[in-house]
Amino acid sequence: MKADPKAVLTGAHFLDGDHACSEGAIAAGCRFVAGYPITPSTEVVERIAERFPLIGGVFIQMEDEIASSIAIQGAVWAGKKAMTVTSGPGFSLMMEHIGLAAMTETPCVFVDVQRGGPSTGLPTQPAQGDMMQARWGSHGDYGIIALSPNSPQECFDLTIKAFNLSEQYRVPVLFMMDECVGHMTERVIIPPAEEINIFPRRFYEGPRDEYLPFKPDEDLVPKIVKAGDGYKIHVTGLTHDEKGYPVMTAAAQEKLIPRLVNKIKLNAEKIIEYKEDNIDDAEVVVVTYGITSRVAIPAINQARQEGIKVGHLRLIVVWPFPEKRITELAGRIKSFIVPELNQGQIFYEVERNAYGKAPVYLVPHAGGTVHNPKDIYNAIIKSLKGK
Amino acid sequence: MRTEIKIGGFGGQGVILSGYILGRAASIYDNKYATMIQAFGPEARGSACSAQVIVDPNIIDYPYITNPQILVVMSQEAYAKFSSELAPGGILITEEELVNPINLRKDVKHYSIPATRFAEELGKKLVVNIVMIGFMTAVTKLINPEAMRKAVIASVPKGTEDLNLKAFDKGYQYGLNVVSGKSN
């Protein structure tokens, strides 16, 4: 399936990351957005509010983030593609409903333009402090997908990917931007609509009386229908059977919850995306994501110019995490360096998957700006001295 | 080579739009890469505000500017706040009647233009920022002037294209004369 040419602004634009995210959502077919505007994500919904009336979408400014994150799920069950947009404080409020979307397998996108935290923190300045919250923020066990763009172009491209993954796996997808990327303006090429691939919703098309809304296909993902189309459906956050009816037993839990985890876990190799540079001969590998992937480049280049074999592994999909790749690399390199705009989050994931075979060094940052590349360079040098 | 530009002024002078036009000209119409970051916060209205633009023939990694080679200031406060950041030997461009370049650094190349007066003569004080970037285009030669004109046309409100082009050309011509030593 291709994007709707009437809604796609094909051409070369000079856009900030927030606006590019809006255009990506529109190109992906999103036609319902509910949000409670918050810096530094406000420009996303501003543009949506301006563009939606022209293309037949509905934007509602809700009373808060809790309402926003449930309104989008109602829209999805009515047949729309939907997202909500927020920053840290709002993201915290949305956790309950991220769990609901995971439990009810409601495909939707949550955009978090990260700013300094905790609490209201630094509204106008960047951080990457919500990465573990993205993975584990709601209670209970579930699989999740999270992406991390490093430019306005990727805010466009990867928002489309976020929607596609949410439809393919029927899972909430978390789009983890940061203030720097959100407020950075760069060239964004929006391709012709016929070049934009859209993963269509996995609608059930069999006989009505045989439909089971939570009976999984072979890839563990069930087919969906639209509420009001005459199918019997029941959607609940309670543990449920394949009919969707609440069944509060250990057996029903055992049948449902491992599947919610495994539909991501067992498909992880298909979902995972990362970019590697100079990995083949690397003795040190810098693992980055989001804006930090760009800030690390001057440090890596400087070290390489000095003859130090430094490679770069940049996570594009952060969750699920490329566990196998980190383990492979750990067996043959001298060290990992993980710079993040937080006090250590993805660092622990790298360390866990290195199994002690290579030391992992964190380059923390409290947020508010980005790293000085010198700090990343120094960590590369120190790691080779075993410090 | 990476060139860092900072444009400063007070809210309402079109500082952010100037940066936007510059970046758009470079990245859409002049075959270069550009990254713009705007100073964002309560200072965006009335007080000193700034746009930071990086222009580079190659892809831009580090997104912030550290020592701009070009500083354009349209208010005294912006001059006071930002002039120390200018790289050694950098280009300083000031609005002649709004900025008194006190303690002007000896190492910088200084150009000034009465852009507000020119804008008023054109009939709209609002186009002061366009006069400034026309002037900047001439004295820095960083961006192709045709690319700048295209970006001006694409970025200003519909119906104001002619006025803005006139403003751009006024600043540009004044800049060419200043550089070549002709009297204005």
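Residues numbered from 1 in each chain as written. Chains lettered and ligands numbered in written order. Predicted model: local features only at pLDDT ≥ 70, side-chain atom pairs only at ≥ 80, totals over all residues. Heavy atoms only, no water.

### Structural notes on the packing of aromatic side chains
And then number 1: Summed over all chains, the structure comprises 10 aromatic pairs over all chains.
And then number 2: Aromatic side chains A:F347 and A:Y348 sit 4.9 Å apart centroid to centroid with 65° between the ring planes, which places their arrangement in the edge-to-face category.
And then number 3: For A:F347, a relative accessible area of 8% corresponds to the buried category.
And then number 4: The class for A:Y348 is partly exposed, based on a relative accessible area of 46%.
And then number 5: Measuring from ring centre to ring centre gives 5.1 Å for B:F118 and B:Y174, while their planes differ by 70°; the resulting arrangement is edge-to-face. One end of the pair, B:F118, is in helix α3 (residues 115-121); the other, B:Y174, is in helix α6 (residues 161-180), with 56 residues separating them in the sequence.
And then number 6: Clustering of aromatic rings is evident, with ring pairs tying together A:Y204, A:Y211 and A:Y231.
And then number 7: If you follow A:R135 out to its NZ or CZ, it ends over the ring of A:W136, 4.0 Å from the centre.
And then number 8: Geometry around A:Y231 places A:R208 over its ring, the cationic atom sitting 5.1 Å from the centre. (Phe/Tyr/Trp six-rings, centres within 6.5 Å; stacked < 30°, edge-to-face > 60°. Buried < 20%, exposed > 50% of the residue type's maximum accessible area, 1.4 Å probe, protein only. Helix = DSSP H or I, 4+ residues; strand = E, 2+ residues; numbered from the N terminus. Lys NZ or Arg CZ within 6 Å of the ring centre and 35° of its normal.)

### Focus: the sheet that holds strand β15 (residues 360-363) of chain A
Residue and element names in this part refer to chain A.
And then number 1: With mixed pairing, the five strands of this open sheet are ordered in space as β10-β12-β11-β14-β15. Each edge of the sheet is formed by a strand with only one pairing partner; in this case those strands are β10 (274-277) and β15. Strand-to-strand twist in this sheet, taken as the mean axis angle between neighbours without regard to direction, amounts to 20°.
And then number 2: Packing of helix α12 (residues 346-354) onto the sheet brings it into contact with β11 (284-289), β12 (310-315), β14 (335-339) and β15, and relative to β15 it is tilted by some 175°.
And then number 3: Those strands touched by helix α13 (residues 373-384) are β11, β12, β14 and β15, and its axis lies near 160° from that of β14. (Pairing = 2+ DSSP bridges. Axes fitted to C-alpha atoms, helices over the stretch in contact; angles between N-to-C directions. Contact = heavy atoms within 4.5 Å.)

### Regarding α12(A)
All names here are of chain A.
And then number 1: Along α12, the positions that sit buried rather than exposed are I346, F347, E349, V350, N353 and A354. An end-on view of α12 places all buried positions within 165° of arc, on one side of the element.
And then number 2: Backbone geometry just downstream of α12 places Y355 in the positive-phi region, at approximately 50°. (Arc of directions from axis to C-beta.)

### Considering the pattern of salt bridges
Residues and elements named next belong to chain A.
And then number 1: If you walk through the whole model with that rule in mind, you get 29 salt bridges over all chains.
And then number 2: For E105, the salt bridge identified is with R259, shortest N-O distance 2.7 Å. With a gap of 154 residues between them, E105 in the loop between α4 (88-104) and β5 (108-116) and R259 in helix α8 (residues 250-265) connect regions that are remote in the sequence.
And then number 3: Notably, a salt bridge pairs E328 with R325, separated by 2.8 Å at the nearest N-O pair. Of this pair, E328 and R325 both sit in helix α11 (residues 323-330), separated by three residues, roughly a single helical turn.
And then number 4: Residue E328 is classed as partly exposed on the basis of its relative accessible area of 46%.
And then number 5: One network of salt bridges, in which partners are shared, links R202, D217, D219 and K223. (Salt bridge = Lys/Arg side-chain N within 4 Å of Asp/Glu carboxyl O.)

### Thoughts on helix α6 (residues 152-169) of chain A
Residue and element names in this part refer to chain A.
And then number 1: Over its 18 residues, α6 runs 25 Å from end to end, which matches the ideal 26 Å to within 8%, given 1.5 Å per residue.
And then number 2: Of all the 18 residues making up α6, 14 are buried; the element is thus mostly covered by neighbouring parts of the structure.
And then number 3: Among the residues trailing α6, R170 stands out with phi positive, at a value near 45°. (Expected span 1.5 Å × (residues − 1).)

### Focus: the domain arrangement of chain A
All names here are of chain A.
And then number 1: Along its sequence, chain A is organised into domain 1 (11-195) and domain 2 (276-384).
And then number 2: For domain 1 versus domain 2, the distance between C-alpha centres works out to 27 Å.
And then number 3: Contacts between domain 1 and domain 2 engage 27 residues on the former and 23 residues on the latter.
And then number 4: Here domain 1 and domain 2 share an interface that buries about 1900 Å² over both sides, 57% of which is from carbon and sulfur atoms.
And then number 5: Ranking the residues of domain 1 by area buried against domain 2 places Q128, M132 and N150 at the top, with a combined share of 32%.
And then number 6: In this structure, the connection of domain 1 to domain 2 is made through two salt bridges.
And then number 7: One salt bridge in this structure joins R314 and E154, with 2.4 Å as the shortest N-O distance.
And then number 8: Linking domain 1 with domain 2 are 18 residue pairs in polar contact (both at pLDDT 80 or more).
And then number 9: Listing elements by their share of the side of domain 1 that touches domain 2, those giving two or more residues are β6 (122-126), α5 (131-136), β7 (145-147), α6, α7 (179-182) and β9 (184-190).
And then number 10: In terms of residue count, the dominant contributor to the side of domain 1 that touches domain 2 is α5 (four residues). (Domains from an automatic or database assignment. Buried area = accessible area lost by both parts, 1.4 Å probe. Polar contact = N/O pair within 3.5 Å; in protein donor to acceptor, adjacent residues only side chain to side chain.)

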